[in-house]
Amino acid sequence: MDPQHITTKERFAIPRQVMPAQSADIRNKNFKEVNLGYSAELAQTEALRCIQCKDPACIKGCPVNIKIDQFIKLIADGDFLGAARKIKEDNVLPAICGRVCPQEDQCEKTCILTKKHTSVAIGNLERFAADYERETGNVKLPSVKASTGKKVAVIGSGPAGLSCANDLIQMGHAVTVFEALHELGGVLVYGIPEFRLPKDIVRSEIDGLKKLGVEFITNAVAGRSVTVDELLTEEGFDAVFIGSGAGLPWFLGIPGENLLGVYSANEFLTRVNLMKSYQFPDNDTPVFNCKGKNVAVFGGGNTAMDAVRTAKRLGAEHAYIVYRRSETEMPARLEEVHHAKEEGVEFLMLMNPLEFIGNEQQWLTGAKCLKMELGEPDESGRRRPVPIIGSEFVLPVDMAVISIGNGSNPLIKQTTPDIDVSKRDTIVVDINTMATSKDNVYAGGDVVTGGATVILAMGAGRTAATAIHRKLMGIDSDE
Amino acid sequence: MHKIVSAIFLAENIKKIEIEAPRIAKKRKAGQFIMIRVGETGERIPLTIADSDPEKGTISIIVQGMGKSTKELNSKNAGDTVNDIVGPLGTPSHIEKFGTAVSIGGGVGTAIAYPTAVALKEAGNYVITINGARSKDLVILENEMKAVSDEAYITTDDGSYGFHGFVTQKLQELIDSGKKIDYVLAIGPIPMMKAIAEVTRPYGIKTMVSLNPIMVDGTGMCGGCRVTVDNQIKFACVDGPEFDAHQVDFKNLTDRNKVYLPEEKQSAEAFRHQCNLQ
Ligand SMILES: Cc1cc2nc3c(=O)[nH]c(=O)nc-3n(C[C@H](O)[C@H](O)[C@H](O)COP(=O)(O)OP(=O)(O)OC[C@H]3O[C@@H](n4cnc5c(N)ncnc54)[C@H](O)[C@@H]3O)c2cc1C
Ligand SMILES: Cc1cc2nc3c(=O)[nH]c(=O)nc-3n(C[C@H](O)[C@H](O)[C@H](O)COP(=O)(O)OP(=O)(O)OC[C@H]3O[C@@H](n4cnc5c(N)ncnc54)[C@H](O)[C@@H]3O)c2cc1C
Ligand code: SF4
Ligand code: SF4
Ligand code: FES
């Protein structure tokens, strides 16, 4: 098909191009990436499906307003590097977002084709362009403005911190990122597993920032190693951006939660991803030996899907998702739910845990659950699950993973009392500037919103970078 | 990378290691710890900061070789490096002028009790220290403890040195002698801490213990270090590691610390094998 002379009818006739993937019964035994990416040919074919709307609705669905129509056109024309650079005008981590954005709720939801056909595979195309640029060694560093002499400290190296650092360094400010863990990337490295987001990609994005001059200090816990006040005084920073995420795991608060074999999703995923316990004993950190065991993950979000698919890969005989509501209410990305099912994960819907049961040695042996049914819709419009009286039963499990969400870490709050926080302990900001109640201190990402998405965290980091720049350079915000 | 400045054995299997960590040396307070990762494939393990020298930019840790990670660390010498150190972590010990404060250390727990004993002394307390060990050659920090104590006692299980018996017996003796004790800090093996809690409970003496659950991040992110205190879940790495001894569920802590026994054995054996080959 000649991209220059293709009729709308012909475009409509092209089916959405499926991304090749490892087959389910092979990938559920390894940690290699599930999706294999588009070939150039598949990408170009998919790009031809975009009708190049005059007023592209897809862009409104993207939290950072990537010029989607333009980059897709460049792919259709075979200018893959041009496409990657077009995306990067608005999104510094396209290889990551292309992989993990909940596209069906964002850009692909508002794509005009969604109404009549299936949307353009915007995420897959974004991933293709970014991978092409990186794999062909063509990543071009953006230019950095002359030094302003100003110094900004960024706390946390998740997507919020990285995108904030990226913008600030390009504006000519000196940027130092303080990260609590020994590796950079936040949830991208300790939470989201290798099979969904290869760590090499995160590393290469961070290397790019290093080349631009961003300084990274790992093993530095704000509030303990150094406080926000010390950064602003002794350490001489002109502003601080807090992107410390939502990393405090919630538990169910039911009996038996301290039995052996009960984990938070954070602990399970951190052991496996960050500490690489799937390679035990070559890596020293152990994790529950799932081989031949029954594992239940409680929750229905992306984190739950990652945990359950990880358990399956570690050899679990049965790997269950136990969720209180029904499948339509599950917040996880559709693709992950679909992949999990293909991999043999069993979904137990409308079920609520009441108690964990253990043996003499305090090892978990089962989870007492209650069956639910859907009642009237609640304030959020979702139908509220109500218990079915007398439906208790014990699900035999050897390991349980609690994945019901995270609060924010109290360390910064405790040591910087003049930063206002909400009742839920999230930092309160002015959403136009991400400024906190404390002078020259900004915040964004999960620490402000509670657990959300990579792209929203990045967007917040960028908004803050712009506001910090204006403040430091004395630019009036009305200009 | 952090350089080891000096490393000397204090007793068999217990080594004092001084490491460069300037930021931590400047900030740390008594009762705080670090997470250390020895090599690229290493696990993150918690160790108390026994001492620091802000001028030199170093901290000291005292390590008992238990399994793979601590034995590997104890095989290091001056000039070697470790990959990662993060800290100071944990809530510092609550220090005030209680009056008469007794600091009790069992085994390597003495190393953990030492910095807090120093702080209690600096705060103007009358400090009594009781250091327990199985036998004479396992007694550590004897002179250091003496230097900060108004009264210093050593106990050994086998009677080879000092008082013959357990630290609990010595404490009971002090209480029975009519001494008014206002505060007790006990750090050591879990059975010891539990026993101390039972000694002081009837007298209502405020008693703190430093708990040693298995940790991963040490920053409050994973919940692996959760302990039950006053029937509530607490994260030892941020809410602790020191807790009110009379409210701690010691049984749960003992059970939870056994979760990786087979894996720990496997790692330790592989490490021994590796050492034998070298
Ligand atoms: C398992 C899992 C799967 C997910 N899957 C998806 C997905 O598919 N798609 C999607 O869009 N979103 C997903 N999310 C959500 C997404 O990852 C987060 O919304 C996003 O990472 C938030 O970015 P952030 O920069 O605000 O925080 P984080 O990514 O949490 O990064 C915060 C960083 O700050 C560090 N830090 C914390 N406290 C301190 C301190 N005191 N001092 C120094 N450093 C500190 C942390 O160690 C961390 O590195 C997932 C989340 C999880 C946990
Ligand atoms: C706050 C705190 C302070 C501590 N301070 C000291 C100290 O100053 N000196 C000292 O010698 N020891 C200290 N410990 C104990 C020390 O961390 C463990 O002995 C060490 O982690 C054992 O690791 P290993 O691989 O050598 O042994 P393993 O064979 O792995 O384990 C031996 C035992 O140590 C415990 N353990 C294992 N892994 C961990 C882990 N990641 N975190 C915590 N405990 C673990 C388990 O109970 C296990 O049964 C402290 C522990 C805590 C929680
Ligand atoms: S960043 Fe996310 S929402 Fe925006 S275009 Fe890319 S995949 Fe869609
Ligand atoms: S809405 Fe869909 S068809 Fe229209 S420009 Fe965007 S991606 Fe292309
Ligand atoms: S060690 Fe992870 S929360 Fe304490």
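Here the structure is a predicted model, which is why all the values come from computation and not from measurement.

## Focus: the sheet that holds strand β3 (residues 215-217) of chain A
All names here are of chain A.
Then, in step 1: Within the open sheet, the five strands sit side by side as β3-β2-β1-β4-β16. Their pairing is parallel. Edge positions in the open sheet fall to β3 and β16 (441-443), since each of these has one partner strand only. Taken pair by pair, the neighbouring strands of this sheet meet at an average axis angle of 20°, ignoring direction.
Then, in step 2: Both strand β1 (residues 151-155) and strand β4 (residues 239-242) contribute to a ladder of four bridges, which runs parallel. Looking across to β4, one finds that valine 154 is bridged to phenylalanine 241.
Then, in step 3: The strands touched by helix α11 (residues 159-170) within the sheet are β1, β2 (174-178), β3 and β4, with β2 carrying the most contacts at an inclination of about 165°.

## A short note on the site of ligand 3
Then, in step 1: Taken together, 13 residues lie near ligand 3, and Cys62, Cys101, Gln106, Cys107 and Glu126 of chain A sit nearest.
Then, in step 2: Considering only residue class, the shell around ligand 3 consists of nine nonpolar, three polar and one charged.

## Notes on the environment of histidine 94 of chain B
All names here are of chain B.
Then, in step 1: Along the chain, histidine 94 falls in the loop between β8 (84-89) and β9 (100-106).
Then, in step 2: Note on histidine 94: relative accessible area 45%, which makes it partly exposed.
Then, in step 3: Taking the C-alpha atoms as reference, histidine 94 lies 22 Å from proline 54; in sequence the two are 40 residues apart.
Then, in step 4: Among all residues touching histidine 94, those that are not within four sequence positions of it are Tyr183 and Glu242.
Then, in step 5: Only 2.7 Å separates the side chain of histidine 94 from the side chain of glutamate 96, close enough to count as a polar contact.

## Quick notes on the sheet that holds strand β17 (residues 242-244) of chain B
Backbone-to-backbone hydrogen bonds join strands into a sheet, with any given pair of strands oriented parallel or antiparallel.
Residues and elements named next belong to chain B.
Then, in step 1: Taken in spatial order, the seven strands of this open sheet run β12-β11-β10-β9-β13-β14-β17, and their pairing is mixed. The sheet is open, and its two edges are formed by β12 (163-164) and β17, each paired on a single side.
Then, in step 2: Lying on the sheet, helix α5 (residues 167-176) is in contact with β9, β10 (126-133), β11 (151-156), β12 and β13 (183-187); it crosses β10 at an angle near 150°.

## Observations regarding the site of ligand 4
Then, in step 1: In the neighbourhood of ligand 4, the contacting residues comprise Cys50, Ile51, Cys53, Pro56, Ala57, Cys58, Asp69, Cys111, Ile112, Val120 and Ile122 of chain A.
Then, in step 2: Tallied by class, the residues present in the shell around ligand 4 amount to 10 nonpolar, no polar and one charged.

## Describing the interface of chain B and chain A
Then, in step 1: At the junction of the two partners, chain B supplies 43 residues and chain A supplies 45 residues.
Then, in step 2: Of the roughly 3,700 Å² buried at the junction of chain B and chain A (both faces included), carbon and sulfur atoms supply 52%.
Then, in step 3: For chain B, the biggest contributors to the area lost against chain A are Arg23, Met221 and Tyr260 of chain B; these three give 19% of the whole.
Then, in step 4: In this assembly, chain B and chain A are joined by three salt bridges.
Then, in step 5: The partner of lysine 27 of chain B in a salt bridge is glutamate 230 of chain A, with the nearest N and O atoms 2.8 Å apart.
Then, in step 6: Inspection of the region where chain B meets chain A yields 18 residue pairs in polar contact (both at pLDDT 80 or more).
Then, in step 7: When residues of the side of chain B that touches chain A are traced back to their parent elements, those giving at least two are α1 (22-27), α2 (68-74), β8, β15 (226-229), β16 (232-235), α8 (250-256) and α9 (261-277) of chain B.
Then, in step 8: No other element matches the six residues that β8 of chain B contributes to the side of chain B that touches chain A.
Then, in step 9: Classifying every residue of the side of chain B that touches chain A by side-chain character gives 14 nonpolar, 14 polar and 15 charged.

## Overview of the confidence of the model for chain B
All names here are of chain B.
Then, in step 1: Averaged over every residue, the pLDDT of chain B is 91; residues scoring 70 or more account for 99%.
Then, in step 2: Here α9 stands out as the least confident element of chain B, with mean pLDDT 81; strand β3 (residues 33-37) is the most confident, with 96.
Then, in step 3: Both confidence scores are given for the complex: pTM 0.93, ipTM 0.93.

## Side note on the domain arrangement of chain A
Where the parts come together, the accessible area they lose is often given as the size of the interface.
Residue and element names in this part refer to chain A.
Then, in step 1: Here chain A is described as being made up of domain 1 (8-135), domain 2 (151-246 + 407-472) and domain 3 (251-404).
Then, in step 2: Averaged C-alpha coordinates put domain 1 and domain 2 at centres separated by 28 Å.
Then, in step 3: Listed per partner, the contact involves 20 residues of domain 1 and 21 residues of domain 2.
Then, in step 4: Note on domain 1 versus domain 2: buried area summed over both sides is about 1,800 Å², and carbon and sulfur give 75% of it.

Cut-off values and rules
- Residues numbered from 1 in each chain as written.
- Chains lettered and ligands numbered in written order.
- Predicted model: local features only at pLDDT ≥ 70, side-chain atom pairs only at ≥ 80, totals over all residues.
- Heavy atoms only, no water.
- Pairing = 2+ DSSP bridges.
- Helix = DSSP H or I, 4+ residues; strand = E, 2+ residues; numbered from the N terminus.
- Axes fitted to C-alpha atoms, helices over the stretch in contact; angles between N-to-C directions.
- Contact = heavy atoms within 4.5 Å.
- Near = heavy atom within 4 Å.
- Nonpolar A, V, L, I, M, F, W, Y, C, P; charged D, E, K, R; others polar.
- Buried < 20%, exposed > 50% of the residue type's maximum accessible area, 1.4 Å probe, protein only.
- Polar contact = N/O pair within 3.5 Å; in protein donor to acceptor, adjacent residues only side chain to side chain.
- Buried area = accessible area lost by both parts, 1.4 Å probe.
- Salt bridge = Lys/Arg side-chain N within 4 Å of Asp/Glu carboxyl O.
- pLDDT = per-residue confidence, 0-100.
- Domains from an automatic or database assignment.

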